[in-house]
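Structural overview
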Amino acid sequence: MPIVETIVVELADRSYEVQVGVGVLAEVGPAAAEVAPAGRAVIITDSNVRPLYAEPVSRSLVSAGLRVEVLDFPAGEEHKDLATYGDVINRLLGLSPPIDRATLIVALGGGVVGDLAGFVAATALRGLEFIIVPTTLLADVDASVGGKTAVDAPAGKNLIGAFHQPRAVVIDAAVLKTLPPAELINGLAECVKHAVIRDRSLLDFIERQAPALLSAEAEMLAKLIARNVAIKAAVVAGDEREAGERAHLNFGHTLGHAIEAAGGYGRVRHGQAVALGMVAACRIAAGRGLITADEERRVREVLSALSLPVRFADLPDLPAEACEPGRLREIMAHDKKARGGVVRFVLPVGLGRAAIFDDVTGQEVLSAIEALSG
Ligand code: ADP
Ligand code: ZN
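Thresholds, definitions, all that
- All residue numbers refer to positions counted from 1 along the written sequence of the respective chain.
- The order in which chains are written sets their letters, starting at A; the order in which ligands are written sets their numbers, starting at 1.
- The predicted origin of the model limits local features to residues at a pLDDT of at least 70 and limits the giving and counting of side-chain atom pairs to 80 or more, whereas totals for whole chains, interfaces and linings rest on all residues.
- Side-chain numbers come from the whole structure's heavy atoms, not from hydrogens or water.
- In this text, helices come from DSSP runs of H or I with a minimum length of four residues, and strands from runs of E with a minimum of two, each type numbered from the N-terminal end.
- With C-alpha atoms as the basis for the radius of gyration, the globule rule is written as 2.2 Å multiplied by the number of residues raised to the power 0.38.
- Partly exposed residues are those whose accessible area sits between 20% and 50% of the maximum for their type, while under 20% is buried and over 50% is exposed, using a 1.4 Å probe and protein chains only.
- Contacts: residue pairs with any heavy atoms within 4.5 Å of one another.
- Only the protein chains shown count as covering a residue, and every accessible area follows the Shrake-Rupley method with a 1.4 Å probe.
- In this tally, Lys and Arg are treated as positive and Asp and Glu as negative; His is ignored, and so are the chain termini.
- By convention, the point assigned to a charge is CZ for Arg, NZ for Lys, CD for Glu and CG for Asp.
- One side-chain nitrogen of Lys or Arg within 4 Å of one carboxyl oxygen of Asp or Glu is enough to make a salt bridge.
- When at least one non-hydrogen atom of a residue lies within 4 Å of a molecule or strand, that residue is treated as near it.
- Any N or O atom pair separated by 3.5 Å or less is treated as a polar contact, with the protein-specific requirement of one donor-capable and one acceptor-capable atom, and with residues adjacent in sequence counted only for side-chain atom pairs.
- Only nitrogen, oxygen and sulfur atoms qualify as donors, and only when within 2.8 Å of the metal (3.2 Å in the case of Na, K and Ca); with water excluded, sites may look incomplete.
- At least two DSSP bridges between two strands are required for those strands to pair.
- To get an axis, a line is fitted to the C-alpha atoms, and for a helix only the part in contact is used. The angle between two axes follows their N-to-C directions and goes from 0 to 180 degrees.
- Two aromatic rings, drawn from Phe, Tyr or Trp (for Trp, its six-membered ring), form a pair once their centres lie within 6.5 Å of each other, and the interplanar angle then sorts them: stacked below 30 degrees, edge-to-face above 60, tilted otherwise.
- Any Lys NZ or Arg CZ found within 6 Å of a ring centre and within 35 degrees of that ring's normal is scored as a charge over the ring.
- An automatic or database domain assignment is the source of the domain bounds shown.
- Here the quantity called buried area is the total loss of accessible area, with a 1.4 Å probe, experienced by two parts when brought into contact, counted for both.
- Read the arc as the range of directions from the helix axis to the C-beta atoms.

**Re the overall build of the protein chain**
Along the backbone of the protein chain there are 13 helices and 11 strands. Against the 2.2 N^0.38 benchmark of 21 Å for 374 residues, the protein chain shows a C-alpha radius of gyration of 20 Å, consistent with a compact globule. Seen through its C-alpha atoms, the protein chain measures out along the principal axes to roughly 60 × 45 × 40 Å. Residue burial in the protein chain is summarised as follows: out of 374 residues, 57% are buried. Here the analysis covers contacts within the protein chain between residues at least 6 apart in sequence; of these, 74% occur between residues at least 24 apart. As displayed, the protein chain offers around 14,900 Å² of accessible surface, 52% of which is attributable to carbon and sulfur atoms. Within the protein chain, one finds 37 positive and 47 negative side-chain charges whose respective centroids are separated by 2 Å.

Next comes the structure, spelled out in structure tokens:
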């Protein structure tokens, strides 16, 4: 089974295609040749992904007539920083013969590679075209659509970056076989998010297929990825810089980001923090009668079936600070998305729909966080 689906991300003159399939790394060459005819491609990847997938991707690019070079940097979120960015961009600019504006960047890896290589592409020679070949589920369903590129700063995550849309995205679900299970689970949280805010039938699918998804069955994952990319593409289209609809993608992230920050980055995974954030948001929604108690329970059950946490106690290594309601509330009030100290919450309105609320009271937030401790 080659390409399962092609999804078009509609962005006026910068629309691009996301191809999703099983065993489709060989499609990277043809996609690249369209963007950089008879040109040159530089693959940017990390030290884990390079030995696994740089070779087949290079081969595909060479077959399509491109000259190919590979640059890698050490794997891990802690390397998504200015120092690594500086090192990679200097190595890129030091290639011989020198790169030019027609050089194509191929970001091959998880979200860290996509963000860092994307930012390199956005800034080298004032902007190079790039294509993304994501290799984690999180990058497949999240970072592959939206055009956000960034590195972390000491002051916070993703604070140095640019919007830079890729020219194409090629997603091969087969590469998820080598992904550590915890990384797969991390990506499943964003899939539940998309289901709750936009697509009730996707929630049915995830419930039914949870065991197949957890065992990384490529065909099932490809279907899951295609549906999620389509949802994210629909949300992002026409709302490129995060004004209205796009904010719905923050469901579970208001509290999730606070838990990540309070726990110390790297101690708690993004997907785990977002799962807890979604549980809390559903608690608030149920308290307001926006969803029923059954619907609230259903979201918790699907998260549990995916081995995602639904209570603080499900994460035994979580530091006590990350569960402290007062501290979490304070961090949320300082979130870059909080306007004038008002914390905006995305809440489900029935399952499959969402809306933004800026009247959620401190008491509602506190009780929802306390419920996570129960
Ligand atoms: P994310 O996509 O969650 O933002 P990373 O880019 O840091 O995160 O990827 C998570 C980890 O998984 C990193 O150590 C990365 O090198 C590794 N990795 C990425 N893709 C694969 C893969 N397909 N197989 C094995 N390891 C992978
Ligand atoms: Zn997220």
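Further notes follow.
**Focus: the pattern of salt bridges**
For the structure shown, the criterion picks out 23 salt bridges. A salt bridge links Arg-298 to Asp-204; its shortest N-O distance comes to 2.5 Å. On the criterion of sequence distance, the pair formed by Arg-298 in helix H11 (residues 293–305) and Asp-204 in helix H7 (residues 200–214) is long-range, its members being 94 residues apart. Note that Glu-296 and Arg-283 form a salt bridge whose closest N and O atoms lie 2.8 Å from each other. You can see Glu-296 sitting in helix H11 and its partner Arg-283 sitting in helix H10 (residues 270–287), a full 13 residues away along the chain. Linked by salt bridges that have partners in common, Arg-40, Arg-67 and Glu-69 make up one network.

**Here we look at the site of ligand 1**
In the vicinity of ligand 1, 18 residues are found, and the nearest of them are Asp-46, Gly-111, Thr-135, Thr-136 and Thr-178. Here a nitrogen atom of ligand 1 sits 2.7 Å away from a polar atom, N or O, in the side chain of Thr-178. In isolation ligand 1 offers 560 Å² of accessible surface; the protein chains occlude 87% of this area. For the shell around ligand 1, the elements supplying multiple residues, two or more each, are helix H2 (49–63), helix H4 (111–123) and helix H6 (181–198). Among the elements that make up the shell around ligand 1, the one with the highest residue count is H2 (three residues).

**A short note on the coordination of the zinc ion (ligand 2)**
Looking at the zinc ion (ligand 2), the protein donor atoms are Glu-190 (OE), His-253 (NE2) and His-270 (NE2), and they sit 2.0 to 2.1 Å from it. Positions of the donor residues of the zinc ion (ligand 2) along the chain correspond to the pattern E-x62-H-x16-H. Remark: His-253 occurs in helix H9 (residues 253–263) and Glu-190 occurs in helix H6; sequence separation between them is 63 residues. Both residues of the pair, Glu-190 and His-253, belong to the buried class.

**Section: the sheet that holds strand E6 (residues 130–134)**
The strand order across the open sheet formed by seven strands is E1-E2-E9-E6-E5-E3-E4, and the pairing between neighbours is mixed. The open sheet has two edge strands, strand E1 (3–9) and strand E4 (67–73), and neither has a second partner. Strand-to-strand twist of the sheet, defined as the mean angle between neighbouring strand axes without regard to direction, takes the value 15°. In this structure, strand E3 (residues 40–46) lies alongside strand E5 (residues 104–109), joined through five bridges in parallel fashion. Looking at the pairing, Val-42 lines up with Ile-105 of E5. Seen against the sheet, H2 touches E3, E4 and E5 and runs at an angle of roughly 165° to E3.

**A closer look at the packing of aromatic side chains**
Given two aromatic rings, their pairing is described by the distance between the two centres and the angle made by the two planes. Summed over the entire model, instances satisfying the criterion amount to one aromatic pair. A cation over a ring is seen here: Arg-227 above Phe-205, with NZ or CZ 5.4 Å from the ring centre.

**A few points about the domain arrangement of the protein chain**
By the assigned domains, the protein chain splits into domain 1 (3–178) and domain 2 (181–215 + 251–372). When each unit is reduced to the centre of its C-alpha atoms, the spacing between domain 1 and domain 2 is 29 Å. Counting residues at the interface gives eight residues for domain 1 and 12 residues for domain 2. Summing the contributions of domain 1 and of domain 2, the shared interface buries around 850 Å²; its carbon and sulfur component is 67%. The largest contributions to the domain 1 side of the interface with domain 2 come from Leu-137, Leu-138 and Lys-157, which together make up 55% of the buried area. Here domain 1 and domain 2 share one salt bridge between them. Note that Glu-260 is salt-bridged to Lys-157, the shortest N-O span being 3.3 Å. The tally of links between domain 1 and domain 2 comes to one residue pair in polar contact (both at pLDDT 80 or more). Listed by contribution, the elements that provide at least two residues to the side of domain 1 that touches domain 2 are helix H5 (137–143) and strand E8 (156–163). Looking at the side of domain 1 that touches domain 2, the element that brings in the most residues is H5, giving four residues.

**Examining the side chain of Thr-135**
Turning to its location among the elements, Thr-135 is positioned in the loop between E6 and H5. Among the polar contacts listed, one links the side chain of Thr-135 to the backbone nitrogen of Gly-110, at a separation of 3.4 Å. The contact partners of Thr-135, leaving out residues within four places of it in the chain, are Val-49, Leu-108, Gly-109, Gly-110, Asp-140, Val-175, Leu-176 and Leu-179.

**Section: helix H12 (residues 325–333)**
When H12 is considered as a whole, its buried residues turn out to be Pro-325, Leu-328 and Met-332. Projected down its long axis, H12 carries its buried residues within an arc of 65°, all on one side. Of the surrounding elements, those touching the buried residues of H12 are H9, strand E10 (345–348) and helix H13 (362–373).

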